[in-house]
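Per-entry structural report
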Amino acid sequence: MGLAKRIIPCLDVDAGRVVKGVNFVGIRDAGDPVEIAQRYNHQGADEITFLDITASHEDRATTVEMVERIAGEVFIPLTVGGGIRTCDDIRTMLNAGADKVSINTAAVHDPDFVYEAAERFGSQCIVVAIDAKWVSADGETPRWEIFTHGGRRPTGLDAVEWAQKMVELGAGELLLTSMDRDGTRQGFDIGVTRAISDAVSVPVIASGGVGNLDHLVEGIKDGGADAVLAASIFHFGEYSIPETKRHMTDNGIEMRR
Amino acid sequence: MTIAVIDYGMGNLHSVAKALEHVTHENVVITRDARRIHGATRLVLPGQGAIRDCIGELERTELRGMVDELLARQNKPLLGICVGQQMLHEHSEENDGVDCLGFMPGEVRRFPADMSDESGNRCKVPHMGWNLVHQHQSHPLWEGIDQNEHFYFVHSYYVEVEDDSVLFGATDYGRVKAHVATGRDATFAVQFHPEKSSRAGLRLLENFVQWMP
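Conventions used here
Residues numbered from 1 in each chain as written. Chains lettered and ligands numbered in written order. Predicted model: local features only at pLDDT ≥ 70, side-chain atom pairs only at ≥ 80, totals over all residues. Heavy atoms only, no water. Helix = DSSP H or I, 4+ residues; strand = E, 2+ residues; numbered from the N terminus. pLDDT = per-residue confidence, 0-100. Buried < 20%, exposed > 50% of the residue type's maximum accessible area, 1.4 Å probe, protein only. Lys, Arg positive; Asp, Glu negative; His and termini not counted. Salt bridge = Lys/Arg side-chain N within 4 Å of Asp/Glu carboxyl O. Contact = heavy atoms within 4.5 Å.

1. Quick look at unusual backbone geometry
All names here are of chain B.
- Backbone torsion omega between Val 125 and Pro 126 reads 10°, so that peptide bond is classified as cis.
- Among the secondary structure elements, Pro 126 is positioned in the loop between β7 (107-110) and β8 (127-135).
- With phi around 60°, Glu 62 is a residue other than glycine that occupies positive phi space.
- Topologically, Glu 62 is positioned in the loop between α3 (51-60) and α4 (64-73).
- Phi at Asn 95 takes a positive value of approximately 50°, unusual for a residue other than glycine.
- Checked against the element boundaries, Asn 95 lands in the loop between β5 (91-92) and β6 (98-99).

2. A few points about the confidence of the model for chain B
- Here chain B averages 94 in pLDDT, while 100% of its residues score no lower than 70.
- Here the predicted complex carries an ipTM of 0.91, next to a pTM of 0.94.

3. Focus: the environment of Glu161(A)
- On the secondary structure map, Glu161(A) appears in helix α6 (residues 159-169).
- Between the alpha carbons of Glu161(A) and Glu145(A) there is a distance of 9.5 Å; along the sequence they are 16 residues apart.

4. Details of the side chain of Glu26(B)
All names here are of chain B.
- With respect to the element layout, Glu 26 can be found in the loop between α1 (14-23) and β2 (27-31).
- Arg 42 provides the closest opposite charge to the buried, salt-bridge-free Glu 26, at an N-O distance of 4.4 Å.
- Once you skip the residues sitting within four places of it in the chain, Glu 26 turns out to touch Met 1, Thr 2, Ile 3, Thr 41, Arg 42 and Val 209.

The following block contains the structure:
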């Protein structure tokens, strides 16, 4: 008995609405992030991640308002990611009630931003999001690289070395997404999850590719992840959080009741 | 009736204020104003980041003297959270050693880097996530909360006390037993974040708001 592994539903939010909506029994407004976050909280989710994919600057005020409303109702950790580029962006989200912010592209453009953010706000609230893609040929030692722009733009950065560098600069946690698996429902890329989890001292959240509950078990048992993040399997009512936790517990993984 | 969350410049106090507002109709203020702190009926001492900075900011904002005085008097309930718990003890080994407020005995130590769990996986530091809290002795703030309930933690340092009388709760991580709830008189302090610990955390805050030591 000890530290529980975490189940984290992720909400993709555009201009204050959850993209694609959700399909729960009893949800009044399938696009309202506040109602959905509350539902996950009641079901026993361990954390909520709110990914802001709002393109226009003006609509970001809506995002801040949403974060404020969620934070006033949902008393579990809340991470906000998407469009975090400056310390002012971080300050705004923390003041709105976020507990952590997730930095992605801005870290690739300027790694020192991670250092500055951790110095100013503390490592505990700085998550670095890593989008990794498998780049080695078959038969070679496996290698993954960091990609930006939704997996379209290579950076030449080795994913494991990058992860270590982010932790040295002050990242308190890593959110690792496999760009090969994201959206495929074939399961996590266990290779990169294990490689990064073994290489760093901070917790790793596995993301990208979850299609069933066994994938979540694999992410933790084989990948060595400390937490697993998923969106669609929860949103469309395929699996509830209690059902997920039962499955994990049955497989010998420690869960919060 | 006012609950003052003492704002000495360290960390994000909005979450704790929001959670308190959720469990009480009493006025909740985030403040560094001496008069408002003196006028409050209950106090929350939060803390985040490096302990040297926390103690340093408490001194820079000239709140140190008042906090020492309030701790000495024990005439109103005070809840320490996270580094706010650690600060109440004698000394921390963080930042090459820092003297703390010394309200309770005990040392603040760092989790060793080389710990692993039963399955052989490395115990990551910070200790981040939901872990079980074993109630070492009863207390009004544990009212209605199950023995071995999960609470949410984020920390790399933990309190260790030798004096059992101030120990109210402990959590196992790797080979360490962290003393995550300590207290004396009208003061109670926790390493975990009640404001992020869902039902159990809100219950603890509700108990604090109703506590009449």
